[in-house]
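What follows is the residue order along each chain.
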Amino acid sequence: MTETPASAIRVAGELRAVVSRLRRRFREVADVGDLTPSQTSVLSRLSKGGPATASELAAAERVRPQSMAATLGAIEQHGYLRRTPDPHDGRRQLISLSEAGVEFVEGTRREREEWMAHALATDFTEPERQTILAALALLDRLAEK
């Protein structure tokens, strides 16, 4: 096994720190109320991926089914979820976003993107924005590993 280059170790640490700071900043920018990061992650997943069963969501979020049941229960209290019978298996329910859930996710996403676009427009030059775009392509490749 080859030794990990010092630059790779440095990038890994700094990238983790930057992503953590950006996540915190996104939470500050968009008012998510008392929703936890796990709850907002499930809402985002349903927004992007469409209806899913509780067990599918648990697997996707890498949590126990019992933990997902608690997460879904908390989200339901806000009126953001809808449950319908699975047309292929009547014993299961499909979970999707309610109209209020769609509005919540779209609103918070829009707030975050507006904040970031404004910050990028006012605090970064065009060449810097192009550098960020190039780095994002590399980060996307990393996410596929």
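Keep in mind the model is a prediction, meaning the values are calculated, not measured.

Engineer: Looking at this model, I keep getting lost on the pattern of salt bridges. Mind explaining?
Structural biologist: Close approach of charged atoms allows side chains with opposite charge to pair. Summed over all chains, the structure comprises eight salt bridges. For Glu76, the salt bridge goes to Arg83, with nearest N and O atoms at 2.8 Å. Overall, Glu76 belongs to the partly exposed group, its relative accessible area being 34%. Residue Arg92 is joined to Asp89 by a salt bridge in which the shortest nitrogen-to-oxygen separation is 3.9 Å. What makes Arg92 partly exposed here is its relative accessible area of 34%. With relative accessibility at 16%, the residue Asp89 sits in the buried group. A cluster of three or more residues bridged by salt bridges with shared partners is formed by Asp86, Asp89, Arg91 and Arg92.

Engineer: Would you mind going over unusual backbone geometry with me for this structure?
Structural biologist: In most cases, non-glycine residues show a negative phi, while peptide bonds are predominantly trans. Unlike most non-glycine residues, Arg62 shows phi in positive territory, near 60°. Within the secondary structure layout, Arg62 lies in the loop between α3 (54-61) and α4 (65-76).

Engineer: Help me out: how do you make sense of α3 in this one?
Structural biologist: Side chains that are three or four residues apart share a direction in an α-helix, a result of its 3.6 residues per turn. Along α3, the positions that sit buried rather than exposed are Leu57, Ala58 and Glu61. One face of α3 carries all of its buried residues, which in axial projection span an arc of 100°. Two residues or fewer after α3 comes Arg62, characterised by a positive phi angle close to 60°.

Engineer: Would you explain the packing of aromatic side chains in this entry?
Structural biologist: When we look at a pair of aromatic rings, we describe it by the centre distance and by the angle of the planes. Enumeration according to the criterion identifies two aromatic pairs in this entry. With centroids separated by 5.9 Å and ring planes inclined at 85°, the aromatic side chains of Phe26 and Trp115 adopt a geometry described as edge-to-face. Taken together, the residues Phe26 in helix α1 (residues 6-29) and Trp115 in helix α5 (residues 99-123) connect sequence positions 89 residues apart. We classify Phe26 as partly exposed; its relative accessible area is 23%.

Engineer: What exactly am I supposed to notice about the side chain of Ser96 here?
Structural biologist: Inspection of the secondary structure assignment puts Ser96 in strand β2 (residues 89-97). Apart from residues lying up to four places away in sequence, Ser96 is in contact with Leu46, Pro51, Tyr80, Leu81 and Arg82.

Engineer: Would you take a moment to explain the packing of helix α2 (residues 37-49) against α3 for this structure?
Structural biologist: Packed helices, taken two at a time, are described by the angle their axes make and the gap between the axes. Contact geometry of α2 with α3 gives a least axis separation of 11 Å together with a crossing angle of 115°. Classified by the angle their axes make, α2 and α3 are roughly perpendicular. At the point where α2 passes α3, the crossing takes the right-handed sense. Mapping the contact onto sequence places Ser41, Val42, Arg45 and Leu46 in α2 and Leu57, Ala60 and Glu61 in α3. Its residues placed into classes, the contact of α2 with α3 shows four nonpolar, one polar and two charged.

Engineer: I would appreciate a short explanation of the nonpolar core in the present structure.
Structural biologist: The tendency in soluble globular proteins is for nonpolar side chains to be buried side by side. With 17 residues, the main nonpolar core has Val42, Leu43, Leu46, Leu57, Leu72, Leu81 and Phe104 as its most contacted residues. Elements supplying a minimum of two residues to this core: α2, α3, α4, β2 and α5. Among residues more than four places away in sequence, those in contact with Leu81 are Leu43, Leu46, Leu72, Ile75, Glu76, Ile95, Ser96, Leu97 and Ser98.

Thresholds applied
Residues numbered from 1 in each chain as written. Predicted model: local features only at pLDDT ≥ 70, side-chain atom pairs only at ≥ 80, totals over all residues. Heavy atoms only, no water. Salt bridge = Lys/Arg side-chain N within 4 Å of Asp/Glu carboxyl O. Buried < 20%, exposed > 50% of the residue type's maximum accessible area, 1.4 Å probe, protein only. Helix = DSSP H or I, 4+ residues; strand = E, 2+ residues; numbered from the N terminus. Arc of directions from axis to C-beta. Phe/Tyr/Trp six-rings, centres within 6.5 Å; stacked < 30°, edge-to-face > 60°. Contact = heavy atoms within 4.5 Å. Axes fitted to C-alpha atoms, helices over the stretch in contact; angles between N-to-C directions. Parallel < 35°, antiparallel > 145°, perpendicular 65-115°, else oblique. Left-handed = near helix turned anticlockwise from the far one by under 90°. Nonpolar A, V, L, I, M, F, W, Y, C, P; charged D, E, K, R; others polar. Core = buried A, V, L, I, M, F, W, Y, C linked by side-chain atoms within 4.5 Å.

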